[in-house]
Amino acid sequence: MSDAAPAPRRVRVHHLRQAKERGEPITMLTAYDAVTAGIFDEAGIDVLLVGDSIGNTMLGYSGTIPVTVEEMIPAVRAVSGAVRRALVVADLPFGSYEASPEQCLATSVRMFKEGGAHAVKLEGGAHLAEHVALLTRSGIPVVGHVGFTPQSENLLGGKRVQGRDDEAAERLVGDALAVAQAGAVAVVLEMVPAAVAVRVSEVLEVPTIGIGAGSDVDGQVLVWTDMAGMTSWSPRFARRFAELGAELRGAAQAYAQAVRGRTFPAAEHSFE
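Note that this is a predicted model, so its numbers are computed, not measured. (Residues numbered from 1 in each chain as written. Predicted model: local features only at pLDDT ≥ 70, side-chain atom pairs only at ≥ 80, totals over all residues. Heavy atoms only, no water.)

S.K.: Just give me the short version of the pattern of salt bridges, but keep the residues and values in it.
M.R.: Note that side chains of opposite charge can pair when their charged atoms are close. Here the structure, examined in full by the defined rule, presents 11 salt bridges. In this structure, glutamate 205 engages arginine 17 in a salt bridge whose closest nitrogen and oxygen atoms are separated by 3.5 Å. Here arginine 17 lies in helix 1 (residues 13–22) and glutamate 205 lies in the loop between helix 9 (194–203) and strand 7 (208–211), a separation of 188 residues in the sequence. When its relative accessible area of 60% is taken as the criterion, glutamate 205 is described as exposed. For aspartate 46, the salt bridge goes to arginine 85, with nearest N and O atoms at 2.8 Å. Placement of the pair is aspartate 46 in the loop between helix 2 (34–42) and strand 2 (47–50) and arginine 85 in the loop between helix 4 (69–82) and strand 3 (87–91), with a sequence separation of 39 residues. Classification of arginine 85 by relative accessible area gives partly exposed; the value is 22%. Members of the salt-bridge network, linked through shared partners, are Glu70, Arg110 and Glu114. (Salt bridge = Lys/Arg side-chain N within 4 Å of Asp/Glu carboxyl O. Helix = DSSP H or I, 4+ residues; strand = E, 2+ residues; numbered from the N terminus. Buried < 20%, exposed > 50% of the residue type's maximum accessible area, 1.4 Å probe, protein only.)

S.K.: Describe in detail helix 2, supporting the description with residues and values.
M.R.: Every buried residue of helix 2 is listed here: Thr36, Ala37, Gly38, Phe40 and Asp41. Of the surrounding elements, those touching the buried residues of helix 2 are strand 1 (26–30), strand 2, helix 4 and helix 10 (224–227). Two to three positions downstream of the cap, the backbone nitrogen of valine 35 sits 3.1 Å from a side-chain oxygen, assigning the N-cap of helix 2 to aspartate 33. Positioned one or two residues after helix 2, glycine 44 has a phi angle of 95°, which is positive. (Contact = heavy atoms within 4.5 Å. Polar contact = N/O pair within 3.5 Å; in protein donor to acceptor, adjacent residues only side chain to side chain.)

S.K.: Give me the environment of proline 93: which residues, what numbers.
M.R.: Locating proline 93 in the fold gives a position in the loop between strand 3 and helix 5 (101–113). On the basis of relative accessible area, proline 93 is assigned to the buried category, the value being 0%.

What follows is the structure in structure tokens.
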């Protein structure tokens, strides 16, 4: 008889809706590699988003728009291969899904077959309802994303809060409802007034995941490098739960000093 601990129960899309019904907040973080994904999975994070934020966090791009499908798939594969419990959601990068529902399906199939994703996320509202419906009919869970949508930053005039006036708020609520009714299993609300996020959460039967959308939503997501304090700056809506950037820099400096001072490697690090 094996003494190994039983495998944790996988988080599935129906568990997200059940969490909303029970009033249990859903936890989501981004992840882009196997090591980080494994750590977050062991920490009990419910959903790991392989975001196109890999562009500005890991690939050195100025934003998300340059990210390609070919760059996303290895990251999705690394994250999905490392987790035992978390639901893995893959972002569809800019230009890989907007043209038609068929293009959206083709890209999503690659995320599933080549990356091992459990769901995909796309940015946009009512105009993408047909895309969401086709993916849902094809067996691919979809997470929607409304409010500030980074892939549309140039059209929106920069990183601006969305839904501030009554007309914009109604449009945002309508967009969230449209993608949910088309089959989305959850909807991310980014940089929207807290009161608007509450309205959306009340209207939708599926969970809302906030990022800069206040506390009265069904879950929260952050880019992990913001959450962990890996950089000198984080957006206003992100809380830094650690200062790992400073810790890592200190470790690298200590390593360099040990090498230059010939105190590393020591005898215990060597072979006879």
